[in-house]
Amino acid sequence: MSALKSTAAQLAIGTPVLPLLIVSAIVLVDLIGGAGMACVPLLAAGPALAAATNGPRGVLCVGLLATALGAALGVHDGASDHDLAIVLAALTAVTLASGLASALRERRERVLAAVRSVAEAAQHALLQPVPATVGPFQVAVRYSAAAAEARIGGDLYALVPTPYGVRLIVGDVRGKGLPAVGTAALVLGVFREAAYDEPDLLSVVGRIERSLTRNLGTDDFVTAVVAGYPRPGRLEVVNCGHAPPLLVRDHVVMPVEPTRPTPPLGLRTLTDETPSLQVLPFTDGDQLLLYTDGVTEARDHHREFYPLVEELARHTSDEPGRTLAALHDELLTHVGGRLHDDAALLLLRIPAAHDTTVTRQRPVPPRGRGEAVDSPRLPRGESIA
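Analysis parameters
Residues numbered from 1 in each chain as written. Predicted model: local features only at pLDDT ≥ 70, side-chain atom pairs only at ≥ 80, totals over all residues. Heavy atoms only, no water. Helix = DSSP H or I, 4+ residues; strand = E, 2+ residues; numbered from the N terminus. Buried < 20%, exposed > 50% of the residue type's maximum accessible area, 1.4 Å probe, protein only. Contact = heavy atoms within 4.5 Å. Areas by Shrake-Rupley, 256 points an atom, 1.4 Å probe, with all protein chains shown as cover. Axes fitted to C-alpha atoms, helices over the stretch in contact; angles between N-to-C directions. Parallel < 35°, antiparallel > 145°, perpendicular 65-115°, else oblique. Nonpolar A, V, L, I, M, F, W, Y, C, P; charged D, E, K, R; others polar. Pairing = 2+ DSSP bridges. 1 Å grid on protein atoms, 1.4 Å probe; cavity = no way out; pocket = protein on both sides within 12 Å on 5 of 7 lines; lining within 4 Å. Points joined across faces, edges and corners; volume = space filled by probe spheres on them. Core = buried A, V, L, I, M, F, W, Y, C linked by side-chain atoms within 4.5 Å. Left-handed = near helix turned anticlockwise from the far one by under 90°.

Before going further, it helps to examine the overall build of the protein chain. For the protein chain, the count of helices and strands is 10 helices and 11 strands. Within the protein chain, the proportion of its 385 residues that are buried is 44%. In the protein chain, of all internal contacts separated by at least 6 residues, the share reaching a separation of at least 24 is 71%. Accessible surface, the protein chain as shown: approximately 19,200 Å² in total, 60% of it carbon and sulfur.

Put into structure tokens, the structure is as follows:
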């Protein structure tokens, strides 16, 4: 009995219901309205629509049914043999063309499915899944590629436990497409090796810089924030031309501005500036959000940027996954459902001793469109020790 039900369900899924309904409606109109041969050519809509929703077998079934019904209607309406032959030939031609179109569509779908599987494998190889807990941190990640059907793009992130503490990177490659993906793969590969080998965070950045200098063109570069947590309470940050991370402490959001401007990775040979190491106190309950410019430069239909600082303050909770889910949903709503640039968000949190399952949120007063939100800011040129 269960086998019969399963077979019936499979047949129901493959049945071209809508094309059959259209064919049936045309036949009823002809029989009731007495339209004569005027309605018979419309039967071609059945196999044509089936080509978009069903396989070749379903198209041929609908086409044969439409041809048979067309012949019956022609006889019923007293059409001449010449007119009837022309209409039936047209129905047969449409059926065959639709069957071919359906076969080609199915072939393209199989190719697209294969490409998607390769893209997913590439994503897992480059942007490896980050567990909810890494070392002392609660962690959440959100990544969206702007390219249609893409799983990866020019934004990058990685977070790895090492003998020198947890280390992480969030970056943005100049450009888009496959060249940007190749550069992202290069940066992530060098970072994962250097993070394990180098005891000093600036040395990790130096190895990435040397690799990019050898492999990138003169106009290519990568903005990035590299951070490390060598011991409890101490967070080290190196900002190479990237958007400042956001430190959340007691539900107050503070941009971590670099102590001095540093060029993006790959451009150090053009300037005398060298990266500087910032030291931040990072204790129980503190959070750090790293992101790419695909988030802060996302615009709505009024051409206004996404207010990340305000939204982070509004959605901050004890669960990084919930915080990023809310931010990501609001970001998509802000842009109308689709991003026009790659966007990455990575949120770290040190669990507090008094953590509960209740989400805490800091209320934000309503604002008018276009109003800026004042937030505390870490002084530029000072390291927090």
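Structure's up, so let's keep going.
Looking now at the packing of helix H2 (residues 17-33) against helix H3 (residues 45-53). Between H2 and H3, the shortest axis-to-axis distance is 8 Å and the interhelical angle comes to 170°. In terms of axis orientation, H2 runs roughly antiparallel to H3. Here Leu-18, Pro-19, Ile-22 and Val-23 of H2 come into contact with H3, specifically with Ala-45, Gly-46, Leu-49, Ala-50 and Thr-53. A per-class count over the contact of H2 with H3 returns 7 nonpolar, 2 polar and no charged.

Okay, the sheet that holds strand S6 (residues 233-240) next. Strand order in the open sheet formed by 5 strands is S3-S4-S5-S6-S9, with antiparallel pairing between adjacent strands. In this open sheet, the two edge strands, each paired with only one partner strand, are strand S3 (155-162) and strand S9 (278-282). Between one strand and the next, the sheet's axes are offset by a mean angle of 20°, whatever the strand orientation. Sheet topology note: the S3/strand S4 (residues 165-173) ladder contains 8 bridges and is antiparallel.

Looking now at empty space enclosed by the protein. Scanning the model with the defined rule gives 2 cavities of 30 Å³ or more in all. The wall of the largest cavity is formed by Glu-209, Cys-240, Thr-262, Pro-263, Pro-264, Leu-265, Arg-268, Glu-273, Thr-274 and Pro-275. Across the lining of the largest cavity, the residue classes tally to 5 nonpolar, 2 polar and 3 charged.

Counting residues in each nonpolar core, the largest one holds 53 residues, and the members touching the most others are Ile-169, Phe-191 and Ile-208. Per element, the largest residue contribution to this core is 9 residues, and it comes from helix H6 (residues 177-197). With near-sequence residues (within four places) excluded, Ile-208 lies in contact with Ile-169, Val-187, Val-190, Phe-191 and Leu-265. Core analysis: the next-biggest nonpolar cluster, separate from the first, contains 20 residues, Leu-246, Tyr-291, Tyr-306 and Ala-313 among them.

Let's shift gears to the packing of helix H9 (residues 308-315) against helix H10 (residues 320-335). How two helices pack is summed up by the angle between their axes together with the distance between the axes. In contact at an axis separation of 9 Å, H9 and H10 are set at 140° when each is read in the N-to-C sense. As far as their axial angle goes, H10 and H9 are oblique. In the packing of H9 onto H10, the handedness of the crossing is right-handed. On the side of H9, the interface is formed by Leu-308, Glu-311, Leu-312, Arg-314 and His-315, while H10 contributes Thr-323, Ala-326, Leu-327 and Glu-330. Taken together, the residues of the contact of H9 with H10 break down into 4 nonpolar, 2 polar and 3 charged.

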